[in-house]
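What follows is each chain in one-letter form.
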Amino acid sequence: MAQLTDTTAPAAPRTSGAAAGTAGPRRGGVAGRRALLHWIGVHALGVAAALFFVLPFVFLFLTSLMSDQQALTRDLVPDTWEWGNYAKVWNTPGFLTWWRNTLLYAGLGTLLTVVSSVPVAYALAKFRFRGRRLSLLLVIAMMMLPPQVVVIPMYLFWAKQLDLSGTLWPLIVPMAFGDAFSIFLLRQFLLTIPDEYLDAARVDGCGELRTLLRVVLPMAKPGIAAVALFQFFSAWNDYFGPQIYASDNPAAWTLSYGLESFKGAHHTNWNLTMAATVLVMAPVIVLFFFAQKAFVEGVTLTGVKG
Amino acid sequence: MSPWLIGFAVFFAYPLLSTVYFSFTKYDGFRPPVFNGLDNWSYVFTDYPLFWPAMRNTLWLVVVMVACRVVFGLGVGLLITRIKTGAGVFRTLFYLPYLAPPVAATLAFVFLLNPGTGPVNTLLEAAGLPAPGWFTDADWSKPALTVLAVWGVGDLMVIFMAALLDVPKEQYEAAELDGAGAWARFRHITLPNISPIILFAVVTGVIQAMQYYTQPLVAGKVAAGVIGGSGQQFEPGYPDKSTLTLPQVVYNVGFQRFDYGTACVVALVLFALSMAFTALLMRRRGGLIGTGD
């Protein structure tokens, strides 16, 4: 599988065409010039695409360093570099609370999701039981279900029956019961582990639980890492959940939800809004650089292997 | 399986049945629900002013936004398999926007595409190109959302890249010997080989378009100058309902107008549409997600 971070052994260029790197002895003269032109064309396109993907980040960052007044002008580069904008954002009342809530939601939620989803995925991938196919179909259906479909009864349940609206509980507790997307992704990953390993463990006298903990889990680490990252980011990015359950209590807001109010709290202070935006994006980007491989593997698993 | 079964019952089956039940009642969450037959259903389809604009927008997004994302994702995927120098750096740069949290990315794009002061229009005008009103113009708000969605195409790039690298090399070599040009090779070898992945990208894209919520909501609110987070009432879909989607309609009618019965009808329409496309993903034969049996 192609990996984003594979720097030591670049993915074999299996696509054809006059690739510069493959110009062998039989290629010289015209063929060599065509290969060079091809190389230049491809890389020029690559740079153009890179500009499209990167420039928004650059403008966002530059604006975050402008003064209030300059952020309202058409200038692209700050006159004075206002690094203090970041301190202002950091010290905004509530910002640290939202940060803590987000970490709690994303961290605890991820932990609960992994613990609850692994056994289900294991059962779906490695056991033959009545209703297996139906269970898998239900998991996929749940994965595709828009959260809005069941939100009204869920809201009434949490808010009216348990009186827990304005807290993080309605967001975190459901994650202790398995998450459909995580189950599906993990199942896809576990399918790639050969059954022979499990059979060997059983022959050696391992019970099911021990087989899962001692044999499957260590081999499933990359899949678990991918699921954990996706779950962390989906909680980090979630807007709808906090909007439904926490909107009336700013002490329970998360960064994604609070970020937008930031713009409101500061009217059109685009510089501070963009600084806050950078602060919300930064952890995601930093985490990505530590775990690129798991991430890309996860994306590929959802799309390609079935 | 059993914790998941409890979760399935509590967080899926029971609420789904409740949604169906509430859709036949007049219910504001305070007084007990009163059965009113098909009243909510006929209201949604005939009189409710937000429903059909949201459906039309969804259709637009399904056709244009999904198509743009798939075509662009495939293009970037093809490009990345051909880049020889600095491939790792390019791949990372192309992928990063996919990771940007939706609220943050949307806020950034409303600013960047701001017709008055945004850098994008500054650059467009400097280049002598027309500078549209983007999120403030009903004709341009969905194209603006499409630009935002195309910016985050990194997930599709990775999926296409993996599929492209799995196309058997021999087929290209054979075609080249037969004198097939680049377009012929793409048309007769690449496309047939990756068509299941293209279909997968289209169907999951359609399902995502049905659920499109955070970006259009935040873009509409911020462009309209609504103070975020305060829970204040606002007319969704600014400008002129052009960014309204079905999930926003559920939120508006349910949680701002406290008409849970009507909200449940819209939720069920959303459910029916999503499940129809999910079924396409899972058809027993030729399904895009294998169930292993």
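Computed from a predicted model, the values in this text were never measured in an experiment.

Reading the values: the criteria
Here the residue numbering is sequential within each chain, running from 1 through the sequence in written order. As they are written, the chains are lettered A onward and the ligands numbered 1 onward, keeping that order. Residues qualify for local features only when their pLDDT is at least 70, as the model is predicted, and side-chain atom pairs are given and counted only at 80 or more; totals for whole chains, interfaces and linings, by contrast, use all residues. Processing note: side-chain calculations cover all non-hydrogen atoms of the structure and skip hydrogens and water entirely. Only DSSP runs of H or I covering at least 4 residues are called helices, and only runs of E covering at least 2 are called strands; the numbering of each starts at the N terminus. Per-residue accessibility, obtained with a 1.4 Å probe over protein chains only, is compared with the maximum for each type, and a residue is labelled buried under 20%, exposed over 50%, and partly exposed between these values. Here, residues are in contact when the closest pair of their heavy atoms is within 4.5 Å. What counts as a ring pair is set by centres within 6.5 Å for rings of Phe, Tyr and Trp (its six-membered ring), and what kind of pair is set by the plane angle: stacked under 30 degrees, edge-to-face over 60, tilted for all other angles. A ring is considered to have a charge above it if a Lys NZ or an Arg CZ atom is located within 6 Å of its centre and within 35 degrees of its normal. Each C-beta atom gives one direction from the helix axis, and the arc is the one those directions make. UniProt positions are given in the numbering used here, feature names are shortened, and annotations may be inferred rather than shown by experiment. When a carboxyl oxygen of Asp or Glu is within 4 Å of a side-chain nitrogen of Lys or Arg, the pair counts as a salt bridge. Definition of a polar contact: a pair of N or O atoms within 3.5 Å, with one able to donate and the other able to accept a hydrogen when the atoms are protein atoms, and with sequence-neighbouring residues admitted only if both atoms are side-chain atoms. Start and end positions for the domains come from either an automated domain assignment or a database one. When two parts are brought into contact, each loses some accessible area as probed by a 1.4 Å sphere; the total of that loss over both is the buried area. Each residue is assigned to one of three groups, with Ala, Val, Leu, Ile, Met, Phe, Trp, Tyr, Cys and Pro labelled nonpolar, Asp, Glu, Lys and Arg labelled charged, and all others, Gly among them, labelled polar. Nonpolar side chains (Val, Leu, Ile, Met, Phe, Trp, Tyr) within 5 Å and like charges within 9 Å form the patches, drawn only from residues with over 30% relative accessible area and no salt bridge. Using the Shrake-Rupley algorithm and a 1.4 Å probe, accessible areas are obtained, with residue cover drawn only from the displayed protein chains.

Undergrad: What should I look at first to understand the overall build of chain B in this one?
TA: Counting secondary structure elements, chain B contains 13 helices and 2 strands. Counting only C-alpha atoms and orienting by the principal axes, one finds that chain B spans roughly 75 × 60 × 35 Å. Burial statistics for chain B: of 293 residues in total, 58% are counted as buried. When contacts within chain B are restricted to residue pairs at least 6 apart in sequence, long-range pairs at least 24 apart make up 65% of them.

Undergrad: In this structure, what is going on with the packing of aromatic side chains? I would like to understand it.
TA: A ring pair, where both rings are aromatic, is described by two values, the distance of the centres and the angle of the planes. A full pass over the atoms with the stated rule returns 42 aromatic pairs over all chains. Plain terms: the ring middles of Phe177(A) and Phe11(B) are 5.5 Å apart, the flat faces sit at 55° to each other, and that makes the pair tilted. Taken as a pair, Phe177(A) in the loop between helix H7 (169-172) and helix H8 (180-190) and Phe11(B) in helix H1 (residues 2-22) lie in two separate chains rather than in one. We classify Phe177(A) as partly exposed; its relative accessible area is 23%. Clustering of aromatic rings is evident, with ring pairs tying together Trp90(A), Phe95(A), Trp98(A), Trp99(A), Phe232(A), Phe233(A), Trp236(A), Tyr239(A), Trp253(A) and Tyr257(A). The ring of Phe30(B) is capped by Lys160(A), whose NZ or CZ atom sits 4.0 Å from the centre of that ring. Just above the ring of Trp60(B) sits the side chain of Lys142(B); from NZ or CZ to the centre is 5.8 Å.

Undergrad: How do you make sense of helix H6 (residues 119-126) of chain B when you look at a structure like this?
TA: Side chains three or four residues apart in an α-helix point the same way, a direct result of the helix having 3.6 residues per turn. Every buried residue of H6(B) is accounted for by Pro119(B), Asn121(B) and Thr122(B). Summarising the axial view, the buried residues of H6(B) lie within an arc of 165°, below the 170-degree limit, and thus occupy one face. Residues of H6(B) that are buried in the fold lie against helix H1 (29-64) of chain A together with helix H5 (102-112) of chain B. Phi turns positive one or two residues past the end of H6(B), at Gly128(B), with a value near 75°.

Undergrad: What is the right way to read unusual backbone geometry from this model?
TA: With omega at -10°, the peptide bond leading from Tyr238(B) into Pro239(B) counts as cis. Secondary-structure assignment places Pro239(B) in the loop between helix H11 (214-224) and helix H12 (246-256). The phi dihedral of Asp163(A) is positive, around 55°, even though this residue is not glycine. In this structure, Asp163(A) sits in the loop between helix H6 (151-161) and H7. The exposure class assigned to Asp163(A) is exposed, which follows from its relative accessible area of 63%. Unusually for a residue other than glycine, Lys241(B) sits at a positive phi of about 60°. Along the chain, Lys241(B) falls in the loop between H11 and H12.

Undergrad: Can you help me understand the UniProt feature "transmembrane region" (unreviewed entry) in chain A in this one?
TA: Residue and element names in this part refer to chain A. Following the UniProt record, one finds the feature "transmembrane region" (unreviewed entry) at residues 36-62, 103-124, 136-156, 168-190, 211-233 and 270-291. Taken as a whole, residues 103-124 contains 100% helix and 0% strand, while its terminal C-alpha atoms sit 30 Å from one another. Across residues 136-156, helical content stands at 71% and strand content at 0%; the span's end C-alpha atoms are separated by 29 Å.

Undergrad: So what exactly am I meant to see when it comes to the environment of Pro132(B) here?
TA: By secondary structure assignment, the location of Pro132(B) is in the loop between H6 and helix H7 (141-151). Not counting chain neighbours up to four residues away, the residues in contact with Pro132(B) comprise Pro115(B), Asn121(B), Leu124(B) and Trp140(B).

Undergrad: What exactly am I supposed to notice about the interface of chain B and chain A here?
TA: Accessible area lost during the coming together of the parts is what is often quoted as the interface size. With 108 residues of chain B at the contact, the number on the chain A side is 105 residues. Residue Glu125(B) is joined to Arg74(A) by a salt bridge in which the shortest nitrogen-to-oxygen separation is 2.9 Å. Linking chain B with chain A are 13 residue pairs in polar contact (both at pLDDT 80 or more). Among the elements that take part in the side of chain B that touches chain A, H1(B) stands out by supplying 13 residues, more than any other.

Undergrad: Got a minute to help me understand the pattern of salt bridges in this structure?
TA: Where charged atoms from two side chains of opposite charge approach closely, those side chains can pair. One pass over the full model with this rule turns up 6 salt bridges over all chains. Lys221(B) is the salt-bridge partner of Glu260(A), the closest N and O atoms lying 3.2 Å from each other. Here the residue Glu260(A) occupies a position in helix H13 (residues 255-265), and Lys221(B) occupies one in helix H11, the pair thus bridging two chains. No difference in accessibility class separates Glu260(A) from Lys221(B), as the two residues are buried. For Asp155(B), the salt bridge goes to Arg69(B), with nearest N and O atoms at 3.2 Å. Placement of Asp155(B) in helix H8 (residues 154-165) and of Arg69(B) in helix H3 (residues 51-82) is noted, with a sequence separation of 86 residues between them.

Undergrad: What should I look at first to understand the domain arrangement of chain B in this one?
TA: Residues and elements named next belong to chain B. Its domain assignment divides chain B into domain 1 (14-47 + 257-286) and domain 2 (55-244). Computed from C-alpha coordinates alone, the two centres of domain 1 and domain 2 are separated by 30 Å. Residue-level contacts link 7 residues of domain 1 with 7 residues of domain 2. Summing both partners gives a buried area of about 740 Å² for domain 1 against domain 2, and 85% of it is carried by carbon and sulfur. It is Leu273, Phe277 and Leu281 that lose the most area in domain 1 upon contact with domain 2, and together they represent 57% of the buried surface on that side. Between the two partners, domain 1 and domain 2, sit 0 salt bridges. For the interface between domain 1 and domain 2, the tally reads 0 residue pairs in polar contact (both at pLDDT 80 or more). Tallied by class, the residues present in the side of domain 1 that touches domain 2 amount to 5 nonpolar, 2 polar and no charged.

Undergrad: Would you mind going over a nonpolar patch on the surface with me for this structure?
TA: A contiguous nonpolar patch, built from Leu36(A), Leu37(A), Trp39(A) and Ile40(A) and spanning about 390 Å² of accessible area, is present on the exposed surface. Tracing the sequence through the fold places Leu36(A) in helix H1.

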